[in-house]
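# Structural features, examined
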Amino acid sequence: MHTIKFSLEHIYFYYGKYMALSDISMTILDRQITALIGPSGCGKSTFLRCLNRMNDTIPGARLEGRVLLDNQDIYAPGVDVVNLRRRVGMVFQRPNPFPQSVFDNVAFGPRVLGLTRNKDELYWLVEQSLRGAALWDEVKDNLKQDALSLSLGQQQRLCIARAIAVSPEVILMDEPCSALDPIATLEIEELMRQLKEQYCIVIVTHNMQQAARVSDWTGFFWLGKLVEFDETQSVFTRPSQKLTEDYITGRAG
Amino acid sequence: MEQMRRPRLGEFVIESLVKVAGLSSIGFVVLIFFFLLREGVPVFFEVELTNLFSTRWYPTFGLFGTLPLILGSALVTLSAIAIALPLGVVTAVFVREVAPHWAREILKPMIEVLAGIPSVVLGFFGMTLLAPVVRRMLGMPTGLTALTGALILAYMSLPTIISVAEDALDAVPKSYRDAGLALGATQWQTIWRVVVPAARSGIVTAVMLGMGRAIGETMAVMMVTGNAARMPLTLDSLFRPVRTMTATIAAEMGEVAEGSVHYHALFGIGIILFVITFILNLTAAATIFKKRRRGGLR
Ligand SMILES: Nc1ncnc2c1ncn2[C@@H]1O[C@H](COP(=O)(O)OP(=O)(O)O)[C@@H](O)[C@H]1O
Ligand SMILES: [Mg+2]
């Protein structure tokens, strides 16, 4: 009933000679939240950055295998990387709004990509994006304020608003709550549940409770391998691998 | 007991030396400032203000109009900045953002070497190589013009502007670049719309420093600007000779009698120059401070 958004076939990823991911195959469904867990250094971020080709900026990085987005190989020659990144948005570990006003942050993508024809349309799009990121009510009175004057939790929601302003199909989140306090974390989680109505969401988290709370699917990474991948409930209640069980019960990792 | 006291004594000596060095350098600055005031202030009493700020500088006939000199300095400096700013920023962007690693390693020391070329050498270069080119291109009787001076000054302030602007670009966190790229902006859009604006305060500092170097520069300017004390008011002034404040002081200081009105007038120009540079630095500091307080740059 959910369509397949990403389908990955035998992915190997190298930083120079170092193999960071080995033989990873999985499918990621649209309008679902897929969580990636595992100890740090196991390749979660690397994997996530394969999905929007952000690894391209790293010298010496190389990928083998096929990554299909809507059945199109995104690493095929002639693929427009810039357009790919518009379709696959990303939210980073530390909130990274530009040192500009709240409005200009959200308007950045639409302006650069020429998505709107006039000021009114741009304003409307900024408002919709801020509403979509559950931030509108907190900033609507002062859209000109500096983004860096917001709290960290608000900054992260601003980054989400900025990402959805270019109407992506997928939102990648790399430990989006690790710099936030518990209340801001719950707000972002609530927001993710709303966003999955419209978007395919892939989230990396080191917090297993978070994965259990918000995700529909969970992938467990260990030393560059995908050890287990299934519906979140099964992973947490009856994992098929001993290693997964050890990890989620805190005996490994 | 002896052993206990030794390090203390050493510390005391070092501390005193540092203090003396620090205080004396402040002291010298203050002394120079007072000397400048003592020699220059009398001119404001000896010569009427209407004369002092008139349009003619003929000391031999008692005409001490400093306006052509002030405007001459302004014309040359501003034109130099107008040339050097875009060039410097673009070069800094190239070096920091575009050039491959090995090219950066070669370019950076080369730019620093440029900063070390003595100004008299540049002046000579300007006189013998640049001036004839300018003359032929403009079809003017002389190649010693404000433009020639501006070009040389631009060249002189470029290394400062490039290296300070490059440091500013370097200080922009990688996370901003990642955010720009991840939104579907191209590398160029990310550079121009995210990285350069984020580095704006550093770039303003770079320009102010470059301007400070340009307005105080004497030797090269004196050699290539033709030194005619005329009011640069017409549009073609850029292509005619001008005379700057610094060149006036340097050229005439050797031939005035100490304590004469002319002597005081030259120091008076020094005071005016000092005040202008001071205001420049102050405004630069103030803009940077204001941006800081706003918690970022647009
Ligand atoms: N830019 C890079 N260059 C070389 N090695 C890297 C780079 N980024 C990550 N790695 C290595 O790849 C492995 C996986 O890293 P990463 O994907 O960041 O793990 P995680 O996000 O799960 O903590 C680590 O061993 C890390 O040292
Ligand atoms: Mg990571």
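Data block above holds the structure.
For the structure given in this document, a descriptive report is provided here. (Residues numbered from 1 in each chain as written. Chains lettered and ligands numbered in written order. Predicted model: local features only at pLDDT ≥ 70, side-chain atom pairs only at ≥ 80, totals over all residues. Heavy atoms only, no water.)

## Digging into the overall build of chain B
- From N to C terminus, chain B includes 13 helices and 2 strands.
- Buried residues in chain B amount to 43% of all 298 residues.
- Considering only contacts in chain B between residues 6 or more positions apart, those separated by 24 or more positions represent 71%.
- On chain B, roughly 16,200 Å² of surface is accessible, and the fraction owed to carbon and sulfur atoms is 70%.
- Across chain B, the centroid of the 25 positively charged side chains sits 9 Å from that of the 18 negatively charged ones. (Helix = DSSP H or I, 4+ residues; strand = E, 2+ residues; numbered from the N terminus. Buried < 20%, exposed > 50% of the residue type's maximum accessible area, 1.4 Å probe, protein only. Contact = heavy atoms within 4.5 Å. Areas by Shrake-Rupley, 256 points an atom, 1.4 Å probe, with all protein chains shown as cover. Lys, Arg positive; Asp, Glu negative; His and termini not counted. Charge placed at Lys NZ, Arg CZ, Asp CG, Glu CD.)

## Observations concerning the sheet that holds strand β4 (residues 61–69) of chain A
Residue and element names in this part refer to chain A.
- The sheet built from 4 strands is open, its strands ordered β2-β1-β4-β5 with antiparallel pairing. The sheet is open, and its two edges are formed by β2 (18–29) and β5 (72–73), each paired on a single side.
- The pairing of β4 with β5 spans 2 bridges and is classified as antiparallel. Bridge assignment links leucine 68 to a residue of β5, and that residue is aspartate 73. (Pairing = 2+ DSSP bridges.)

## Quick notes on the pattern of salt bridges
- For the structure on display, the rule yields 26 salt bridges over all chains.
- The salt bridge partner of glutamate 39 of chain B is arginine 38 of chain B, with a shortest N-O separation of 2.7 Å.
- Several salt bridges converge on common partners, so that one network encompasses Lys5, Asp70, Arg87 and Glu169 of chain A. (Salt bridge = Lys/Arg side-chain N within 4 Å of Asp/Glu carboxyl O.)

## Structural notes on the site of ligand 1
Residues and elements named next belong to chain A.
- Every residue near ligand 1 is listed here: Tyr15, Tyr18, Ala20, Pro39, Ser40, Gly41, Cys42, Gly43, Lys44, Ser45, Thr46 and Ile58.
- For ligand 1, an oxygen atom lies 3.3 Å from a polar atom in the backbone of cysteine 42.
- In this structure, lysine 44 approaches ligand 1 through a main-chain N or O atom, which is 2.9 Å from an oxygen atom.
- Compared with its free state, where it exposes 560 Å², ligand 1 has 62% of that area covered by protein.
- If you list the elements that add at least two residues to the shell around ligand 1, you get β2 and α1 (44–50).
- A per-element tally of the shell around ligand 1 places α1 first, with 3 residues.
- Grouping the constituent residues of the shell around ligand 1 by class yields 6 nonpolar, 5 polar and 1 charged. (Near = heavy atom within 4 Å. Polar contact = N/O pair within 3.5 Å; in protein donor to acceptor, adjacent residues only side chain to side chain. Nonpolar A, V, L, I, M, F, W, Y, C, P; charged D, E, K, R; others polar.)

## Some words on the interface of chain A and chain B
- With 26 residues of chain A in contact, the opposing surface of chain B contributes 20 residues.
- Both sides together, the interface formed by chain A and chain B hides about 1,900 Å², and carbon and sulfur atoms give 62% of it.
- The three residues of chain A that bury the most area against chain B are Pro99, Phe108 and Val112 of chain A, which together make up 26% of that side's buried surface.
- The interface formed by chain A and chain B contains 0 salt bridges.
- For the interface between chain A and chain B, the tally reads 3 residue pairs in polar contact (both at pLDDT 80 or more).
- Among the secondary structure elements, those contributing two or more residues to the side of chain A that touches chain B are α2 (81–87), β6 (88–91), α3 (102–113) and α6 (152–164) of chain A.
- The element contributing the most residues to the side of chain A that touches chain B is α3 of chain A, with 5 residues. (Buried area = accessible area lost by both parts, 1.4 Å probe.)

## A closer look at the sheet that holds β6 of chain A
Residues and elements named next belong to chain A.
- Judged by pairing direction, the sheet is mixed, and its 6 strands sit side by side in the order β6-β7-β8-β3-β9-β10 without closing on themselves. At either end of the open sheet lies a strand with only one pairing partner, and these are β6 and β10 (225–231). Neighbour-to-neighbour, the strand axes of this sheet turn through a mean angle of 15°, independent of strand direction.
- Across the sheet, α6 is in contact with β6 and β7 (170–174); its angle to β6 comes to roughly 170°. (Axes fitted to C-alpha atoms, helices over the stretch in contact; angles between N-to-C directions.)

## Comments concerning the pairing of strand β3 (residues 33–37) of chain A
Residue and element names in this part refer to chain A.
- The buried fraction of β3 is high, at 5 of 5 residues.
- Of the two faces of β3, both are covered, the one formed by Ile33, Ala35 and Ile37 as well as the one formed by Thr34 and Leu36.
- Two strands pair when backbone bridges link them, and β3 and strand β9 (residues 217–222) are joined in this way by 4 bridges, in the parallel orientation. When the bridges of β9 are listed, threonine 34 appears paired with tryptophan 217.

## A word on the environment of alanine 133 of chain A
All names here are of chain A.
- Among the structural elements, alanine 133 can be located in the loop between α4 (119–132) and α5 (136–139).
- Relative accessible area serves as the criterion here: at 0%, alanine 133 is assigned to the buried category.
- Beyond its immediate sequence surroundings of up to four residues, alanine 133 is in contact with Arg157, Ile160, Ala161, Ile164 and Leu191.

## Looking at α3 of chain A
- Burial runs high along α3 of chain A: 10 of the 12 residues are buried.
- A positive phi of about 65° marks glycine 114 of chain A, the residue just after α3 of chain A.

## Things to note about the packing of helix α4 (residues 67–98) of chain B against helix α7 (residues 146–170) of chain B
Residues and elements named next belong to chain B.
- One way to put it is that α4 packs onto α7 with a least axis distance of 6 Å and a crossing angle of 35°. Note on packing geometry: the crossing formed by α4 with α7 is right-handed.
- A breakdown of the residues in the contact of α4 with α7 according to their chemical character gives 20 nonpolar, 5 polar and 4 charged. (Left-handed = near helix turned anticlockwise from the far one by under 90°.)

Geometry only, nothing functional implied.
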